[in-house]
Amino acid sequence: MSNPAHPPVYKRLNHLITVIGVSSALFSTAAFAQEDNDEVIILDPFVVVEDGNTGYLASNSISGTRSQTPIRDIPLNIQVFTQEFTEDLLITSQVDLERYNASLVNGGDDVHSNNVIQQAYNGFLFRGFVQNWSLRDGVRQYDPVDSQGFSRVEIVKGPVAAMYGVTYPGGVMNTISKTAVLGGNFADVGFTISDHSEWRATLDANVSAESELGKIGIRYNGAYQETEDGREHSAGKVEYNQVAVTIAPTDKTIIKLLAETGYRENPSGLGYFTTSEVDENGVGYGNSAEIPLQITHPDIDWDWNWATGNMRSLETDLYKAEITQNFTENFSVNAYYLYSKRVQVDSDGLDCSGGGGGSGGWDANANTGWINPNTDEEQIVLQHHYIDWRNQNHAYGATAVYKFEVGSVRNTITAGAHFWEERFFSYRGTMPSTSPNYVVLDVVPNLNGLSLRDLYAPEDYYLNIDAYQKERSENEYYFASWQAEFLDGRARTNIAVNYTELDLKSYPNVYSNTPSNVTNEDKVSPLFGFMFDITKDISFFAVHSTSLFPTTDKDDFETQLPPVEGESIEVGFKFDIMEDVLSGTISFYNIEQTGGSQRDPNAENRNKQLWDSMTAAERAIAFPGLTRDQLTDRNGGLGNLIPGLKQESEGVELDLVYQPMKNWQILFSYAHNTVKIKEAVDETQIGRIPNSGHVKDQFSLMTKYSFAKESQLHGAFIGMGCHWADGAFQGYVGDVARYNPSTFYLEAFGGYKFQTFGRDSSVQLNIKNITEVSEFVGWKATGSSALATERYEVPTDIRYSLSYNIRF
């Protein structure tokens, strides 16, 4: 069967070949005039100068002010993950970095694999608040970015709508793309082999030349990875291609082009089936226990799953053009245009309700999954199912930076206007309820056992794929900021303001051009920041900032709910002691979030209105055994969604980089966070934790030691990273909060740098998950009505990887 999300293989290959072909042609064109490997430096205030990085320490950032600024001069809490950090830990996407900043919680992390299709929806928390997307070069980004395509990742904590218009209250994670290097020629080739037959190959090649257009640099980055872990049917893959071009026709003009394609796939249905606990008479205890299939049937291994013939996938394309014009040494303007699209397929094959493991089965036919568990009629039933999510984004804008002095006061004015549009639509298909089921697991009479059948995709089946959902959103924002230095540079201010307009439209289906719901919002978002150097090594900072984010939540009558707004007060200290020996930030913050949605169990919904229009006899047929107050909305909840509650997040954070000697680096991050509901229509919710996955305390540590030149082991290096997290909140049952156990993750690496035929080379061993962090599944049976509060723990494997890299 062909579906609208998966183009034929030859079309995908042609797309990739086109990108690679263009890059090859550009390399060939430039090769005749290659220069020496002396990089040409042309002023560009909108790009971070990476020569400022020393190992894990980054001195500059672009995310806090939208132009290159020393981190110490920005009154915001900012952490940067450098390229060396990413390479040491064998990071393959920015999602993997979240473990090493304690203000972040990746609640949807797959402990078995790093092949991430999408950041888990509502599973990523930033300072206790839900966050479902990040930034890519300052523009909204939904998806994992292959590490082969980025140079660094910057974490800016707290609301920063003044800089980016639409952001979450917790902060932003900004992934900075690699760019072509002027005046440099190199090719880095890497190959990694891991256990379970997993492997990855990468190429980073740059060539520069003098041409009729001026100085030109062309850079190609590519990665191909075949992924697999210890679970059955877990094989997936990653393909990534990026071409970056930098042209400098004059010493004051820089033009940059970026073209990128990506494809990744990972099986759907790698999760677990669970059932409730019942007594010997088949009566449920009502204790909220969730017992996995592997517990009730010990002869089925934890590695077993039904994930075959149904591949989750993500196909992405991104194209960007930008120009920077330096009119004078103090006045520069940058303008850009970006187009991107994505097709995420969550299910395209055998699927079921309640299957877990990233399955799209949440909307599969209800009478599928684990049917009649632990009885003589027990079955696991699958049906064919399809659902995808598609986004097309356009973004363009311009930013100007002007620097000047008034007396002894140095000033920087940054101002800009930006526009972003997204068209979102989805297709969905399920088999008719009368279709035959495909049985995977069955109790075989008279054999006293279970029959596990091989999964296959029948050739003859009916699946009607049709329009499901369509939305269009636009936002435009205008911002201006003023940075000033006075008192001989000891005092600094950062004052900014942003005006944002939001326009959200929802449509009845994909084919409709007439919106069924239109929402318009606008907001002014200020930022006030101040810094003062207490000594030459220690600075105090304080900042008040705000955020704005449009929610897609609608009530049962399709009424759009208001955007999420955040407001923060943060104070802290930045330190840079003994010339970068000890650098870092400690801060204390309070953030309030309002807007979005909350549930009012007494609110009107469509079913209640339908009830009111019926006779008593009609109600008995339509809603058997129910009262009006028990009628749920389309999401299955009592009452309806109404405009949101107020949440509060408070905490303290410490981030530091310590270099006791030039060849020894230590990075440390600690966070203590509490988040709670402050105001709600349902007063029983006040004081509760609002978001599943919340962790109150956590820390991460990363260290690396490189043997000095005078050592006999010169060229060798060793390191380790670890992360400890307190128990993650999982939700309430009645008034009781349930948590996962605390976790401790440990990984280590070591390598050796040497020459291969005169070329710089290295070999590196990475050992991940040394502590074999468990995967938590279900809730343990109690054998009574006592509430289940302990998790079942699924063992995971230590992972080994061996890499070889060579630079030409």
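All values reported here derive from a predicted model rather than from experimental measurement. Residue positions are counted from 1 within each chain, in the order its sequence is given. Totals for whole chains, interfaces and linings use all residues, but because this is a predicted model, local features are given only for residues with pLDDT of at least 70 and pairs of side-chain atoms are given and counted only at 80 or more. Only heavy atoms go into the side-chain values, all of them from the structure, while hydrogens and water stay out.

### Topic: the overall build of the protein chain
Secondary structure is summarised from DSSP: a helix means a run of H or I of at least four residues, a strand means a run of E of at least two, and numbering begins at the N terminus for each. Per the secondary structure count, the protein chain includes 6 helices and 43 strands. For every residue, the accessible area obtained with a 1.4 Å probe (protein chains only) is divided by the maximum for its type, and the residue is called buried under 20%, exposed over 50%, and partly exposed between those limits. Across the 808 residues in the protein chain, those meeting the buried criterion constitute 54%. Contacts in the protein chain between residues at least 24 apart in sequence constitute 69% of all its contacts with a sequence separation of at least 6. As presented, the protein chain carries roughly 34,500 Å² of accessible surface, and 54% of it is formed by carbon and sulfur atoms. We call two residues contacting when some pair of their heavy atoms lies within 4.5 Å. Surface exposure here means Shrake-Rupley accessible area, sampled with a 1.4 Å probe, where a residue is shielded only by the protein chains that are shown.

### A look at the confidence of the model for the protein chain
Parts of the prediction with low pLDDT should not have their coordinates interpreted in detail. Confidence of the predictor at the level of single residues is given by pLDDT, which spans 0 to 100. For the protein chain, per-residue confidence averages 86 on the pLDDT scale, and 87% of positions sit at 70 or higher. Low confidence marks residues 444–462, where pLDDT is under 50. Its contacts with residues over four positions away, or in another chain, come to 38 contacts.

### Describing the packing of aromatic side chains
Aromatic pairs are defined between Phe, Tyr and Trp rings, using the six-membered ring for Trp, whenever the two ring centres lie within 6.5 Å; interplanar angles under 30 degrees are classed as stacked, those over 60 as edge-to-face, and all others as tilted. Taken as a whole and judged by the stated rule, the model has 27 aromatic pairs. A centroid spacing of 6.1 Å and a plane angle of 10° characterise the contact between Trp 389 and Phe 424, whose relative ring orientation is stacked. Taken together, the residues span a long stretch of sequence, with Trp 389 in strand S21 (residues 379–406) and Phe 424 in strand S22 (residues 409–430) at a distance of 35 residues. With a relative accessible area of 16%, Trp 389 lands in the buried category. When the ring of Phe 729 is compared with that of Tyr 739, the centres are 5.8 Å apart and the planes differ by 65°; the resulting orientation is edge-to-face. With Phe 729 in strand S37 (residues 729–733) and Tyr 739 in strand S38 (residues 736–739), the pair connects residues that are 10 residues apart, well separated along the chain. In textbook terms, an aromatic cluster arises when at least three aromatic residues are bridged by ring pairs, as seen for Tyr 56, Phe 81, Phe 85 and Tyr 100. Sitting above the plane of the Phe 717 ring, Lys 704 keeps its charged end 5.0 Å from the centroid. In our convention, an over-ring charge means Lys NZ or Arg CZ found within 6 Å of a ring centre and within 35 degrees of that ring's normal.

### Quick look at the sheet that holds strand S5 (residues 124–126)
In this analysis, strands are considered paired if DSSP registers two or more bridges between them. With antiparallel pairing, the 3 strands of this open sheet are ordered in space as S4-S5-S6. Each of the sheet's edge strands pairs with one partner strand only, and the pair in question is strand S4 (104–106) and strand S6 (129–130). Inspection of the sheet shows S5 paired to S6 by 2 bridges, in the antiparallel sense. Opposite Leu 125, over in S6, you have Val 130 as the bridge partner.

### A word on a nonpolar patch on the surface
Taken together, the side chains of Phe 191, Ile 193, Tyr 752, Val 763, Leu 765, Tyr 800, Leu 802 and Tyr 804 present a nonpolar region at the surface, about 700 Å² in accessible area. Only strand S11 (186–194), strand S40 (759–768) and strand S43 (799–807) provide two or more residues apiece to the nonpolar patch. If you tally residues by element for the nonpolar patch, the top one is S43, at 3 residues. Inspection of the secondary structure puts Tyr 800 in strand S43. Patches in this entry comprise residues that are over 30% relatively accessible and not in a salt bridge; like charges within 9 Å are linked, as are nonpolar side chains (Val, Leu, Ile, Met, Phe, Trp, Tyr) within 5 Å. Salt-bridge detection follows one rule: a side-chain nitrogen of Lys or Arg within 4 Å of a carboxyl oxygen of Asp or Glu.

### What about the sheet that holds strand S7 (residues 134–136)?
The strand order across the open sheet formed by 5 strands is S3-S9-S10-S7-S8, and the pairing between neighbours is mixed. Since the sheet does not close on itself, it has two edges, and those belong to strand S3 (78–81) and strand S8 (139–141), each with one partner. Averaged over all neighbouring strand pairs, the angle between strand axes comes to 30°, with direction disregarded. Where strand S9 (residues 150–157) meets strand S10 (residues 171–177), 7 bridges bridge the pair, whose relative direction is antiparallel. When the bridges of S10 are listed, Val 156 appears paired with Val 172. Angles here are taken between N-to-C directions and fall from 0 to 180 degrees, while the axes themselves are lines fitted to C-alpha atoms, restricted in helices to the stretch in contact.

### Quick look at the pairing of strand S27 (residues 517–533)
Across 16 bridges, the pairing between strand S26 (residues 491–507) and S27 is antiparallel. By the bridge assignment, Leu 502 is partnered in S27 with Glu 521. One ladder, built from 7 bridges, connects S27 with strand S28 (residues 538–549); its direction is antiparallel. Residue pairing across strands places Met 531 opposite Phe 541, the latter belonging to S28. The turn linking S27 back onto S28 is made up of 4 residues.

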